[in-house]
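The primary structure of each chain is shown beneath.
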Amino acid sequence: MGINIRIHNVKNIDDFEFIIPTIKGLYALTGENGSGKSTIISCAAAAFFYPKSPDDYFGSVREGAFIQFKFNDKTREIKEKNQKWDVPRYREFLGITGFYEGSIVFGNRFKEIEYSYLNKLNSITKEQVHDASSFVKENLGSILHDNKNYYHSLYVLNKNVADEKGLKRSTYFFENKGALINQLKMSTGENLLLTILNLIEQRLNKKIYGDIPAFMFLDEIELALHSSALRRLVFFLNDIAENKNTVVLFSTHSIELIRSISPNNIFYLQRHLNGELETINPCYPVYATRNLESSNYGHDYIILVEDLLAQKIVERILKEQKLLSNKRILVIAAGGWSQVLRFAYDMIRSNLTLCTTKILIILDKDIKKSVSGYMEKEKIGFSTPINFLPIESLEKYLLEKLVTTLDINLFRNLNDYLFQGKSLDEIIKDYNYDIKNGKYKGQTKISNGKKLYSLLIQELEKIRQTENELVSIVIEYLFDKGNFNELITFLKKELTPASK
């Protein structure tokens with residue numbers, strides 16, 4: 001269930017539909033600059049208020065423009081009429097309440113900034129103010145400085161004085177070394193949070209209609225806030241959402257904010273070259289910020305495997321099963337299985353990845369019985385179960401299918417399409433002869449297929465082919481035989497976010 005909003009011919013949005021969530025919680029709207037985040041947030045706010053000056057929020061009206069809401073069989077609409085925004089006298093009530101705090105230009109925290117207004121505030125005395133509420137003082141201090149007592153000398157202008165001076169909102173003052181500093185002379189971060197906390201406090205004192213949560217729409221709240229303050233702000237907003245039945249929807253570029261949100265609650269706005277706007281949801285944090293930050297900042301998932309064959313198998317499954325959507329996934333071939341386990345453990349223990357990055361391990365089938373003993377000996381463990389390929393290592397697989405129990409179909413595929421110099425028949429014949437006559441030393445390399453594999457690669461290099469071609473043919477053959485159902489199920493489970 002949600003509030004359906006349709007936006008048509010508003011600013012740079014030609015036609016766009018979006019479902020505003022109606023389940024309490026934190027939600028993030030993100031995307032590149034110019035994707036339409038601020039426009040959508042301001043339009044969404046019209047679900048519970050009609051602006052006196054629509055042009056300020058929605059821009060100069062375009063022909064045929066409208067913003068339409070549908071919720072619980074009710075409709076609410078603002079539209080263009082005679083080249084102006086038409087705000088209807090009869091205002092359809094959707095049965096929801098909330099508030100909107102806009103960005104720099106149209107945010108409440110920057111309203112009424114005129115020199116005359118500043119002069120009026122500069123003349124305010126201690127007798128004209130009273131203590132700010134504990135809610136505002138303590139939360140301001142906790143969020144900005146991790147100290148709820150930091151703003152113990154925070155005051156707010158008396159209402160009668162504000163009315164006398166023609167002020168339309170509460171204005172705060174902070175006493176520092178005996179001097180009163182008005183809100184507009186405080187830092188941008190302090191100014192922002194004071195406005196938001198005041199609005200939240202007012203909202204919490206009002207009625208919520210039925211089971212439908214209240215709505216808090218915030219645009220670019222990360223402006224002028226330090227990353228540590230942002231993290232504390234997220235905790236605060238999450239507490240409000242959960243305990244006060246509130247939907248908090250904010251637009252943001254901040255990785256700090258996006259990392260704190262469930263993929264199910266992240267909406268990424270993708271603007272295509274033809275101007276069409278698409279919403280991607282669920283969306284993973286690193287995917288959401290892939291064009292906002294360097295790719296060096298990490299991935300949503302890192303899948304560790306042993307070799308090139310395993311890497312290509314996993315990458316193919318991800319592509320064919322459409323598991324790459326809305327997330328960034330890196331598949332790394334890290335070497336032998338013990339090396340993979342140690343590498344994964346070091347990555348987690350040393351915080352070498354983002355805290356939101358999930359590490360998956362997929363090993364070759366032949367060492368399945370050895371893994372638990374090794375992990376117990378090395379005192380390492382993982383929260384996600386280790387999975388295994390349905391085949392042994394590539395080397396062992398080729399040894400079995402080309403020598404031990406000949407697989408005619410795979411043999412012909414490799415011989416006909418790859419080994420165009422010395423034929424595969426000759427290579428295997430020479431290999432068997434050399435084995436019989438004890439040419440090769442080291443029984444382990446013979447039994448695990450590494451000796452045969454090195455001979456195959458050497459022959460490919462002579463005809464300017466690579467290991468990739470060999471692996472590709474083996475993978476095609478394996479997929480044709482349908483050996484990967486268990487692995488596909490594992491990847492689908494781990495890479496698909498749990499529904500609420």
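Heads up: the structure comes first, above all this text.
The sections below set out a description of the structure shown in this document.

The subject of this paragraph is the overall build of the protein chain. What the protein chain contains, in helices and strands, is 19 helices and 19 strands. The globule rule puts the C-alpha radius of gyration for 500 residues at 23 Å, and the 31 Å found for the protein chain is more than 25% above it. The principal-axis extent of the C-alpha atoms belonging to the protein chain is close to 105 × 55 × 40 Å. Within the protein chain, buried positions represent 50% of all 500 residues. A separation of at least 24 residues holds for 69% of the contacts in the protein chain among residues at least 6 apart in sequence. Accessible surface for the protein chain amounts to roughly 25,100 Å². Of this, 47% is attributable to carbon and sulfur atoms. Distance between charge centroids for the protein chain: 2 Å, based on 66 positive and 61 negative side chains.

The next thing to look at is the environment of Asn4. Following the sequence through the fold, Asn4 ends up in strand 1 (residues 2–10). Placed 43 residues apart in sequence, Asn4 and Ala47 show a C-alpha to C-alpha distance of 9.9 Å. Discounting chain neighbours no more than four positions away, the residues touching Asn4 are Glu17, Phe18, Ile19, Gln68, Phe69 and Lys70. A polar contact is formed between the side chain of Asn4 and the side chain of Glu17, at a distance of 3.4 Å.

With that settled, the discussion passes to helix 14 (residues 408–417). Those residues of helix 14 that sit buried are Leu410, Phe411, Leu414 and Asn415. All buried residues of helix 14 lie within an arc of 125° about the axis, which places them on one face of the element. For helix 14, the exposed residues set more than 90 degrees away from the buried face come down to Asn409 and Tyr417. On its buried face, helix 14 is in contact with helix 13 (394–404), helix 15 (424–436) and helix 18 (467–480). Its side-chain oxygen at 3.2 Å from the backbone nitrogen of Asn409, Asp407 defines the N-terminal cap of helix 14.

Take the sheet that holds strand 8 (residues 129–131) next. Reading across the sheet, the four strands line up as 8-9-10-11 and stay open at both edges, with antiparallel pairing between neighbours. Of all the strands in the sheet, just strand 8 and strand 11 (179–182) have a single pairing partner and so form its edges. Between one strand axis and the next, the sheet turns by 40° as a mean value, whatever way the strands run. In the sheet, strand 8 pairs with strand 9 (residues 154–157) via three bridges, with the strands oriented antiparallel. Among the inter-strand pairings, Val129 is bridged to a residue of strand 9, identified as Leu157.

Relative to each other, helix 13 and helix 18 sit at 70°, their axes nearing to 12 Å. As the angle between them shows, helix 13 and helix 18 are arranged roughly perpendicular. Between helix 13, through Leu394, Tyr397 and Leu398, and helix 18, the contact on the second element is made entirely by Leu470, Val471, Val474, Tyr477 and Leu478.

Tallied over the entire structure, the rule returns twelve aromatic pairs. A ring pair is formed by Phe18 and Phe267, whose centres lie 5.1 Å apart and whose planes are at 80°; its orientation type is edge-to-face. You can see Phe18 sitting in strand 2 (residues 13–21) and its partner Phe267 sitting in strand 14 (residues 266–271), a full 249 residues away along the chain. Phe18 gets classed as buried once you look at its relative accessible area, which sits at 5%. Ring plane angle 20° and centroid distance 6.4 Å describe the contact between Phe49 and Tyr100, whose orientation is recorded as stacked. With Phe49 in the loop between helix 1 (37–45) and helix 2 (54–58) and Tyr100 in strand 7 (residues 98–101), the pair connects residues that are 51 residues apart, well separated along the chain. In this structure, Arg316 is placed above the aromatic ring of Phe479, and the distance from its NZ or CZ to the ring centre is 4.3 Å.

Conventions used here
- Residues numbered from 1 in each chain as written.
- Predicted model: local features only at pLDDT ≥ 70, side-chain atom pairs only at ≥ 80, totals over all residues.
- Heavy atoms only, no water.
- Helix = DSSP H or I, 4+ residues; strand = E, 2+ residues; numbered from the N terminus.
- Rg over C-alpha atoms; globule rule 2.2 N^0.38 Å.
- Buried < 20%, exposed > 50% of the residue type's maximum accessible area, 1.4 Å probe, protein only.
- Contact = heavy atoms within 4.5 Å.
- Areas by Shrake-Rupley, 256 points an atom, 1.4 Å probe, with all protein chains shown as cover.
- Lys, Arg positive; Asp, Glu negative; His and termini not counted.
- Charge placed at Lys NZ, Arg CZ, Asp CG, Glu CD.
- Polar contact = N/O pair within 3.5 Å; in protein donor to acceptor, adjacent residues only side chain to side chain.
- Arc of directions from axis to C-beta.
- Pairing = 2+ DSSP bridges.
- Axes fitted to C-alpha atoms, helices over the stretch in contact; angles between N-to-C directions.
- Parallel < 35°, antiparallel > 145°, perpendicular 65-115°, else oblique.
- Phe/Tyr/Trp six-rings, centres within 6.5 Å; stacked < 30°, edge-to-face > 60°.
- Lys NZ or Arg CZ within 6 Å of the ring centre and 35° of its normal.

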